[in-house]
Amino acid sequence: MERRKLKLGMTDKILLTAGYLLLGLFVVAVVVPLAYVVIASFMDPNVLNNQGLSFRIQNWTLEAYRRVMEDEMIWRGFLNSFFYSITSTLLSIFITLLAAYPMSKKELVGRTFFNTIFIITMFFGGGLIPTFILMNQLRLVNTVWAVIVPGSFNVWNMILARTYYQSISKELWEASQIDGANEIQHFFKILMPLCKPIIAVLALWGFVGMWNSYFDAMIYLNDASLQPLQLVLRSILIQNTPQSGMIADIQSTAEMAKMAELLKYSTIIVSSLPLLIMYPFFQKYFDKGVMVGSVKG
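Here is what the cut-offs are and how they apply
- Residues numbered from 1 in each chain as written.
- Predicted model: local features only at pLDDT ≥ 70, side-chain atom pairs only at ≥ 80, totals over all residues.
- Heavy atoms only, no water.
- Helix = DSSP H or I, 4+ residues; strand = E, 2+ residues; numbered from the N terminus.
- Buried < 20%, exposed > 50% of the residue type's maximum accessible area, 1.4 Å probe, protein only.
- Contact = heavy atoms within 4.5 Å.
- Expected span 1.5 Å × (residues − 1).
- Arc of directions from axis to C-beta.
- Polar contact = N/O pair within 3.5 Å; in protein donor to acceptor, adjacent residues only side chain to side chain.
- Phe/Tyr/Trp six-rings, centres within 6.5 Å; stacked < 30°, edge-to-face > 60°.
- Axes fitted to C-alpha atoms, helices over the stretch in contact; angles between N-to-C directions.
- Parallel < 35°, antiparallel > 145°, perpendicular 65-115°, else oblique.
- Nonpolar A, V, L, I, M, F, W, Y, C, P; charged D, E, K, R; others polar.
- Left-handed = near helix turned anticlockwise from the far one by under 90°.
- pLDDT = per-residue confidence, 0-100.

Caption draft 1: Layout of the overall build of the protein chain. Scanning the protein chain for helices and strands turns up 14 helices and zero strands. Along the protein chain, from the amino end to the carboxyl end, the secondary structure elements read α-α-α-α-α-α-α-α-α-α-α-α-α-α. Within the protein chain, the proportion of its 297 residues that are buried is 33%. For the protein chain, the proportion of contacts with a sequence separation of at least 24, taken over those separated by at least 6, is 72%.

This is the structure we're talking about:
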């Protein structure tokens, strides 16, 4: 049986064409800067500053990547960032799913009160100084937990997980009750296998957020051996950037500026590479998870 082609009216064709144009512009806006950064990371900074991008091999160099890979602090920063990101993501998912499960049940006593408390924390906070005092009194300053613990629970992620739970058929809970399962067994044996899409979304968001974060580490970590990759790269760029008013001969200042330009693009690639590698493995779950709550059956 042949499929009939859907005939589009003039208005539909105009809207479809406009959509394709907007999508094309969006793709160009994403791809062009990314391609520029990748190519610039391999170029001689003098050629890049004077002539712009060049596709001649003799104008390319691997010096920036060699400098980055030979730095021991870079590898230490990589290990720290992976530890912080993975640990924080696992802890965040565990806490978020446990908090969202009772909040998804309408019969929960005090559900409205707890929901209000959660919502308030999304808009109001104590501020940096009270938070630092609290972390100091808890003896978490200059420890790995100062980076991991504060971001272990996100109210927005809890709302997403709660909505996902509510989209699951209640007949599953009734069936598990008939089989003699309690709440804990139902949560881990029935719900968890069905929650792969939302878990993948929370994992991706949590990992990316922690991987790119640097402010908490800059505030709470004094030991250089505990610093994540983002802080290490920041320190390298600052060390190789000429400061205004510094006393130095012209040649050394020019070399320092050249090295800063050389490292700027390579550090972007180095810090973004793990995320670019990881995303394709989560994409099949991500497409389902981001649509949580969009359709009610």
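Caption draft 2: A look at helix α10 (residues 183–194). A rise of 1.5 Å per residue sets the reference length of α10, with its twelve residues, at 16 Å; its end C-alpha atoms lie 16 Å apart and thus fit the reference within 8%. For α10, the complete set of buried residues consists of H186, F187, L191 and M192. Projected onto a plane normal to the axis of α10, the buried residues spread over an arc of 155° and lie on a single side. The inward-facing, buried residues of α10 contact α4 (72–103), α8 (155–167), α9 (171–178) and α11 (196–212). With a side-chain oxygen positioned 3.2 Å from the backbone nitrogen of I184, the residue opening α10 is N182.

Caption draft 3: Representation of the packing of aromatic side chains within the structure. Evaluation of the coordinates by the stated rule reveals 15 aromatic pairs. With a centroid separation of 6.4 Å and an interplanar angle of 50°, the aromatic rings of F82 and F207 are classed as tilted. Of the two residues, F82 sits in helix α4 while F207 sits in helix α11, which places them 125 residues apart along the sequence. You can call F82 partly exposed: its relative accessible area is 32%. Note on F207: relative accessible area 8%, which makes it buried. Consider the rings of F207 and W211, whose centres lie 5.9 Å apart with planes at 15°: the pair is stacked.

Caption draft 4: Focus on the packing of helix α5 (residues 111–123) against α8. At a closest axis distance of 9 Å, the pairing of α5 and α8 adopts a crossing angle of 140°. When the axes of α5 and α8 are compared, the pair comes out oblique. Across from R111, N115, F118, I119, T121 and M122 in α5, the residues of α8 making contact are V155, W156, M158, I159, R162 and Q166. Classifying every residue of the contact of α5 with α8 by side-chain character gives seven nonpolar, three polar and two charged.

Caption draft 5: Layout of the packing of α4 against α11. It is the contact of α4 with α11, at a shortest axis distance of 8 Å, that shows an interaxial angle of 140°. In terms of orientation, α4 lies oblique with respect to α11. When the axes of α4 and α11 are compared, the crossing they make is right-handed. Facing α4, whose interface residues are F78, S81, F82, Y84, S85, I86, S88, T89, I93, T96 and L97, α11 presents I199, L202, A203, G206, F207, M210 and W211. For the contact of α4 with α11, the class distribution of residues is twelve nonpolar, six polar and no charged.

Caption draft 6: Quick look at unusual backbone geometry. Residue R139 is not a glycine yet carries a positive backbone phi of 60°. Relative to the assigned elements, R139 resides in the loop between α6 (128–137) and α7 (145–148).

Caption draft 7: Examining the environment of F82 more closely. Along the primary structure F82 and F207 are separated by 125 residues, whereas in three dimensions their C-alpha atoms are 8.8 Å apart. Excluding residues within four positions of it along the chain, F82 makes contact with F207, W211 and P274.

Caption draft 8: Main features of the confidence of the model for the protein chain. Looking at the protein chain, pLDDT values average 80 and 84% of them are 70 or higher. When pLDDT is averaged over each helix and strand of the protein chain, the minimum, 69, is found for helix α14 (residues 250–289) and the maximum, 90, for α7.

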